[in-house]
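# Close look at the chain arrangement
Chain by chain, the residues run as shown.
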Amino acid sequence: MASLLGTALLALVLSGPTVAFAPIGGGSSTHISMTGTVLLQTVTETCRAVAEAAGHEFKPTGSSPEELVQACLGPRATGDVSGAKFHSALQEIYIQNGLVDRDFVNSAPHHFNSEAFQEGRLLIMEGMASIKASIRSKNFKAAREMLGRVLHTLQDFYSHSNWVELGYTEPYVSLIRPDLPLENLAGVDVATCSDCSSGSCPNPILPNILEEKILTSGYMGIFSDAKPKGKCSHGGEGDLTGEAVPRGGISKDERRPDNAVLHDTAVNIATAASLQLLEDIRLAAGDNDFLTMMGIARSSVVCFVIDTTGSMSDDIDEARRVVYQLIDLKKGSQDEPSEYIMVPFNDPEFGPTFRTTDPERMKQEISKLRPTGGGDYPEMCLSGLQLALTGAPPSSHIYVFTDATAKDIELKDAIVALIRSTKSTLSFFMTGHGRRNRRSLRASFQDYKDLALTSGGQAIQVSKGQLSQATEIILDTSTSALVTVLQRDINPGKDVTFPFTLDESLKNITIYITGTSISFTLTNPSGVTQSHVEASGKLGTIQTVGNLRRISLNADKETGNWQIRIQSTDPYTVKITGQSTITFIYDFVEPFAGPHPGYAVLSGRPQAGRPANLMLTAMGRKGPSSITVEEVVLVTVSSSGSSGSSTLTDMGNGEILVTVDAVPGGEFVVSLRGRDKVSNTEFQRQSTTLMSVSKVNIQAAISSSVEPGETFKVPFSVISNGPGGIYTVDARNDRKFPMSFPTSLNLVTGVYANGTLIITPPADTPSGTDATLTIEVKSPGGADNNYIVLRLSVVTKITDFDPPSCEIVSVPYGDCPQDAEVCDLFEWDLVAYIADGNGTGIDSIALRQGIGNFTHGPLSDPIVRAEFRFSCCSRDVEFVAVDKIGNVGKCYHSIEPNAGPALTLSSSLWLCLPVSVYAARL
């Protein structure tokens, strides 16, 4: 298993020349490889524990992430299981880890530079509290982003401080334990380094610093060479203090001949420290929520946004029927949704968001919906959509039921930004007449069609009597391993032939055509055809309902080059989907400079007039090694036109840096072609979310979480490569938190203009609340715009830092024989008292090691009595107590086999430990 998992790890990190403690980009980096190592190890251990608790074996059949996910999901995952969500979760963590070197390049605490130990530890403490609070509130994306940043700061401590030079080989647990002090820190007037004129001395730390075990770190100057007298420098490129006496530096970021042992030791300890931090978070979150945070789930989340006004009685009944059918058909299978979300909307009310992993609770909640109110026709649809897009995880399927246009049409640009940011898919089921809002905003059903197209979804307009037929699309799309082969939008309508390639791995292939007055002919590689008038033909079955044609290809479809010719003078869309584990994920990225250059994900649209860079992860049925990527292009959805030439740089094991010379001017998608080595067939895949370019660029970052009732400042910068002038600024958040920001900025071409957004979460905001901020900037006249999407976590200030404690008061076990073959015939008992002192109270108690049963009193009791009964085959027992803040305490007890009389407490060993501390508390 060790070699298998080692191979799997290689599929999750970038390969190439090692550049230690650097962010993503330019090859493998130790920050990424360390993070990948600890994430994979922790996920593997968690999957094994979940499998054992469920009574089945955890046995990956191969080394790929897809096979790891399939083994983790257990016996129900009998068909195709995609690793895309796991990859996406890993990438979010990696990217945020790397962005610390861009967004906080000059912040000493974020890197433990300049002896900022207390401040750096505070960032870790606040970050861990934010991660745990976000997980409790099911805000997993916010948790992943913060996890990436916290891991970077923790890992930098071992490279930037003298911890390794002091001779330590284990992590400094005080960095993740606020109840333990940081000791022996160098004073500001204490000299710490000798002069290194060559700039590469093996160990310039002063002897007295080493002898007295005084902790220091290198000073880093990006803009100035100033540092206190006698202090160490960080050193290396970009550090101006490295030339100020004492010269040189103590950073172990890069492995050099003069510091190879120190560097390797720093990597090893930083990896071990990252494992400790992850273990603490896993224990606080629980195994299931930890795996959900890591993107390991059966299938996609499904979300229903439902109009509940008076005219929606039939539609609500249909939505209810579809939900019931979806639950009943997919319950217990690998296609069972991993979570259900529902957002009702009316006028003027919308929400709240209901979410559950329990299908029966979803049935109960949707059964409560009753049509009421309305009257002026347009409703608050986009407000409900905003809640869905910010509440559901990325790449969710969102289904909207309505018979009215949107009253809140001013949110349309923000919705587009959220669609592109989350890559979620929207499908609208519209049963009204699309009448225009006679108010000033003039919304229509075309707005819904625009949003559906942007997301890669469908906009289906039918009568209320046809709705039950149209909703078959929900069963099609709420499935595992769904991929898109082709998607186009032709407006105005014309006669077009669309070629596409079907590979051997594709199953359940469906073609959707929306529009009016449509005729088409489908042709397979052998020349067999089927026209729109053949409801059941040689190639598939055609269903027509409203403006939708749904073509389900026969299961014995032929692989190779197909084509569909569509004729219509009216606008239409075509989309071809199927199920396959051959897929890809991508992000548009931009390079950044600095001491540790790398790539940062673009939150908004790519820049016009410049080459575009994409970081793309390709996945095959047996991992990235089982496919070959031959072409990646940007394709305009309104035609077959594509971008100019693109350069593919293999970063190793499925990671590809794509550089596109010329980006199309209209809306485009990413199209990928390659070869599946398993079947030796060509494959074609396409992204679903439409993108376009902009000459406007916005830069902003969230530096930390915010406390309820406190104001928080978000500085942002805007630059335009287009004309100068007065650019309008608009900002929104999905929680309706009070905000202030400049409504305009005067831009000079090519010069950044700065602004500050101020947001204040109300004092009663629950800890763990996640607010999504959208900042949009428009050019004079509104011809061009761009956006940035940020997430802000609201976390109550932590004052309880002590983990729960336990006291083992009774171990009345009988004889546990030395003979292991009969150990299951004997049992032993343990009684313990668990308390949280003056803290927030016990939230959960769970058995981590040992076979047996345990019971405990009410968790609300000041002291919780727990009783455990174990088989004598379990002689080492450990349980975990977590308080309501997320502080974790461990209790460990071990007995020795005995062939004589009953053992006494004095002959056993017991430890009651906070996580990651390996010493008895007596």
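Since we're looking at a predicted model, the values are computed, not measured. (Residues numbered from 1 in each chain as written. Predicted model: local features only at pLDDT ≥ 70, side-chain atom pairs only at ≥ 80, totals over all residues. Heavy atoms only, no water.)

## Overview of helix α4 (residues 84–103)
- For α4, spanning 20 residues, the distance from its first C-alpha to its last is 27 Å, which sits close to the expected 28 Å at 1.5 Å a residue.
- In terms of burial, α4 is largely enclosed, as 16 of its 20 residues are buried. (Helix = DSSP H or I, 4+ residues; strand = E, 2+ residues; numbered from the N terminus. Expected span 1.5 Å × (residues − 1). Buried < 20%, exposed > 50% of the residue type's maximum accessible area, 1.4 Å probe, protein only.)

## So, the state of the cysteines
- Under the definition given, this model contains 5 disulfides.
- Paired through a disulfide, Cys47 and Cys72 show a sulfur-sulfur distance of 2.0 Å. Disulfide Cys47 to Cys72: torsion about the S-S bond roughly -90°, handedness left-handed. Within this pair, whereas Cys47 is found in helix α2 (residues 30–54), its partner Cys72 is found in helix α3 (residues 65–73), the two being separated by 25 residues in sequence. The two residues Cys47 and Cys72 agree in class, both being buried.
- In this structure Cys303 is not part of a disulfide, and its nearest cysteine sulfur, from Cys381, lies 12 Å away. (Disulfide = S-S within 2.5 Å.)

## Regarding a nonpolar patch on the surface
- A cluster of nonpolar residues, Val809, Tyr833 and Ile863, forms a patch on the protein surface that exposes about 250 Å² of accessible area.
- Its location among the elements puts Ile863 in strand β36 (residues 863–871).
- According to the relative accessible area criterion, Ile863 is exposed, its value standing at 52%. (Patch = residues over 30% accessible without salt bridge, like charges linked within 9 Å, V, L, I, M, F, W, Y side chains within 5 Å. Areas by Shrake-Rupley, 256 points an atom, 1.4 Å probe, with all protein chains shown as cover. Salt bridge = Lys/Arg side-chain N within 4 Å of Asp/Glu carboxyl O.)

## As for the pairing of strand β35 (residues 852–856)
- Bridging between β35 and β36 involves 5 bridges; their strand directions are antiparallel. Along β36, the bridge assignment pairs Phe854 with Phe868.
- Where β35 folds back on β36, the antiparallel hairpin that results is connected by 6 residues. (Pairing = 2+ DSSP bridges.)

## Overview of the nonpolar core
- If you look at the biggest cluster of nonpolar residues, it comprises 57 residues, and the most contacted ones within it are Ile124, Leu147, Tyr158 and Leu277.
- Elements with a minimum of two residues in this core: α2, α3, α4, α6 (117–136), α7 (140–160), α9 (260–285) and α10 (287–293).
- Apart from residues no more than four positions distant in its own chain, Leu147 is found in contact with Leu39, Ile93, Ile131, Leu277, Leu278, Ile281 and Met293.
- Leu382, Ala388, Ile419 and Ala459 belong to the second-largest nonpolar core, a separate cluster that totals 33 residues. (Core = buried A, V, L, I, M, F, W, Y, C linked by side-chain atoms within 4.5 Å. Contact = heavy atoms within 4.5 Å.)

## Thoughts on the sheet that holds strand β14 (residues 560–567)
- Reading across from one edge, β8-β14-β10-β11 is the order of the 4 strands in this open sheet, with antiparallel pairing throughout. In this open sheet, the two edge strands, each paired with only one partner strand, are β8 (496–502) and β11 (529–531). Shown here is a sheet whose adjacent strand axes are inclined to one another by a mean of 20°, direction ignored.
- Pairing between strand β10 (residues 519–523) and β11: 3 bridges, direction antiparallel. When the sheet's bridge partners are listed, Thr523 is paired in β11 with Thr529. (Axes fitted to C-alpha atoms, helices over the stretch in contact; angles between N-to-C directions.)

## Brief notes about the sheet that holds strand β4 (residues 397–402)
- Read from one edge of the open sheet, 6 strands run β3-β2-β1-β4-β5-β6, paired in mixed fashion. Looking at strand neighbours, the two that pair on one side only are β3 (354–356) and β6 (459–461), the edges of this open sheet. Here the strands of the sheet are splayed against their neighbours by 15° on average, with no regard to which way each runs.
- Where β4 lies against strand β5 (residues 425–430), 6 bridges are found, and the strand directions are parallel. Within β5, the position partnered with Val400 by the bridge is Phe428.
- Docked against the sheet, helix α12 (residues 359–367) engages β1 (302–307), β2 (340–345) and β3, running at close to 10° with respect to β2.

## Some details on the packing of aromatic side chains
- In the structure shown here, the tally under the stated rule is 21 aromatic pairs.
- Centre to centre, the rings of Tyr586 and Phe588 are 5.8 Å apart; their planes meet at 90°, and the pair counts as edge-to-face. The same class applies to Tyr586 and to Phe588, which are both buried.
- Where Phe868 meets Phe879, the ring centres are 4.6 Å apart and the plane angle is 25°; that geometry is what we call stacked. In this pair, Phe868 is assigned in strand β36 and Phe879 in strand β37 (residues 876–883), connecting sequence segments 11 residues apart.
- Ring-pair connections join several aromatic residues into one group, and the members of that group are Phe112, Phe117, Phe157, Tyr158, Trp163, Tyr168 and Tyr172.
- The lysine or arginine in question, Lys213, covers the ring of Tyr168, its NZ or CZ lying 4.9 Å from the ring centre. (Phe/Tyr/Trp six-rings, centres within 6.5 Å; stacked < 30°, edge-to-face > 60°. Lys NZ or Arg CZ within 6 Å of the ring centre and 35° of its normal.)

## A few points about the side chain of Lys132
- Counting through the fold element by element, Lys132 comes out in helix α6.
- A distance of 2.6 Å separates a polar atom in the side chain of Lys132 from a polar atom in the side chain of Asp280.
- Among the polar contacts listed, one links the side chain of Lys132 to the backbone oxygen of Gly886, at a separation of 2.8 Å. (Polar contact = N/O pair within 3.5 Å; in protein donor to acceptor, adjacent residues only side chain to side chain.)

## As for the pattern of salt bridges
- The full count for this structure, using the stated rule, is 44 salt bridges.
- Its salt-bridge partner being Lys363, residue Asp328 comes within 2.7 Å of it at the nearest N-O pair. Of this pair, Asp328 sits in helix α11 (residues 313–330) while Lys363 sits in helix α12, placing them 35 residues apart in sequence.
- For the salt bridge of Glu504 with Arg621, the shortest nitrogen-to-oxygen distance reads 2.8 Å. Separated by 117 residues along the polypeptide, Glu504 in the loop between β8 and β9 (507–515) and Arg621 in the loop between β18 (612–619) and β19 (627–636) bring together distant segments of the chain.
- The class of Glu504 is partly exposed, set by a relative accessible area of 40%.
- Connected through salt bridges with shared partners, the residues Glu92, Lys141, Arg144 and Glu145 form a single ionic network.

## Let's talk about unusual backbone geometry
- A cis geometry characterises the amide bond from Asp347 onward to Pro348, with omega recorded as 10°.
- Within the fold, Pro348 resides in the loop between β2 and β3.
- Residues Asn491 and Pro492 are joined by a peptide bond in cis, for which omega reads 5°.
- Along the chain, the position of Pro492 falls in the loop between β7 (482–490) and β8.
- One non-glycine residue, Glu115, lies in positive phi territory at about 60°.
- Tracing the backbone through its elements, the reader meets Glu115 in the loop between α5 (108–111) and α6.

## A few points about the environment of Thr265
- Structurally, Thr265 is set in helix α9.
- The contacts of Thr265, once residues within four sequence positions are left out, are Val164 and Tyr168.

## A closer look at the packing of α7 against α9
- Two elements in contact, α7 and α9, have axes whose closest approach is 9 Å; the angle formed by their N-to-C orientations is 145°. Crossing handedness for the pair α7 and α9: right-handed. Residues Leu147, Val150, Leu151, Leu154, Gln155, Tyr158 and Ser159 of α7 lie in contact with α9, whose contacting residues are Ala266, Ile269, Ala270, Ala273, Ser274, Leu277, Leu278 and Ile281.
- Of the residues in the contact of α7 with α9, the class split is 12 nonpolar, 3 polar and no charged. (Left-handed = near helix turned anticlockwise from the far one by under 90°. Nonpolar A, V, L, I, M, F, W, Y, C, P; charged D, E, K, R; others polar.)

## Some remarks on the packing of α11 against α12
- Between α11 and α12, the least distance of the axes is 10 Å, while the angle of their chain directions is 170°. In terms of orientation, α11 lies roughly antiparallel with respect to α12. Contact residues: α11 offers Ala319, Arg320, Val323, Tyr324, Ile327 and Asp328, while α12 offers Pro359, Met362, Lys363, Ile366 and Ser367.
- Here the contact of α11 with α12 is built from residues that sort into 7 nonpolar, 1 polar and 3 charged. (Parallel < 35°, antiparallel > 145°, perpendicular 65-115°, else oblique.)

## Section: the environment of Asp80
- Tracing the backbone shows Asp80 in the loop between α3 and α4.
- Sequence separation between Asp80 and Glu52 is 28 residues, and the spatial gap between their C-alpha atoms is 23 Å.
- With residues up to four places along the chain from it excluded, the contact list for Asp80 reads Gln334, Ser480, Ala481, Ser505, Lys507, Gln579, Ser580 and Thr581.

## Thoughts on the side chain of Thr479
- With respect to the element layout, Thr479 can be found in the loop between α17 (472–477) and β7.
- Within polar-contact distance, the side chain of Thr479 engages the side chain of Gln579 at 3.0 Å.

## Some details on α2
- The end-to-end C-alpha distance of α2, which contains 25 residues, comes to 36 Å, matching closely the 36 Å that a straight helix rising 1.5 Å per residue would cover.
- Downstream of α2 by one or two residues, Gly55 has phi in the positive range, about 85°.

## Observations concerning the confidence of the model for the chain
- On average, residues of the chain score 86 in pLDDT, and 91% of them reach the 70 mark or higher.
- In the predicted structure, residues 24–29 sits below a pLDDT of 50 and forms 29 contacts with residues beyond four places in sequence or in another chain.
- With pLDDT under 50 throughout, residues 899–922 is counted as low confidence; its partners more than four residues away or in other chains account for 63 contacts. (pLDDT = per-residue confidence, 0-100.)

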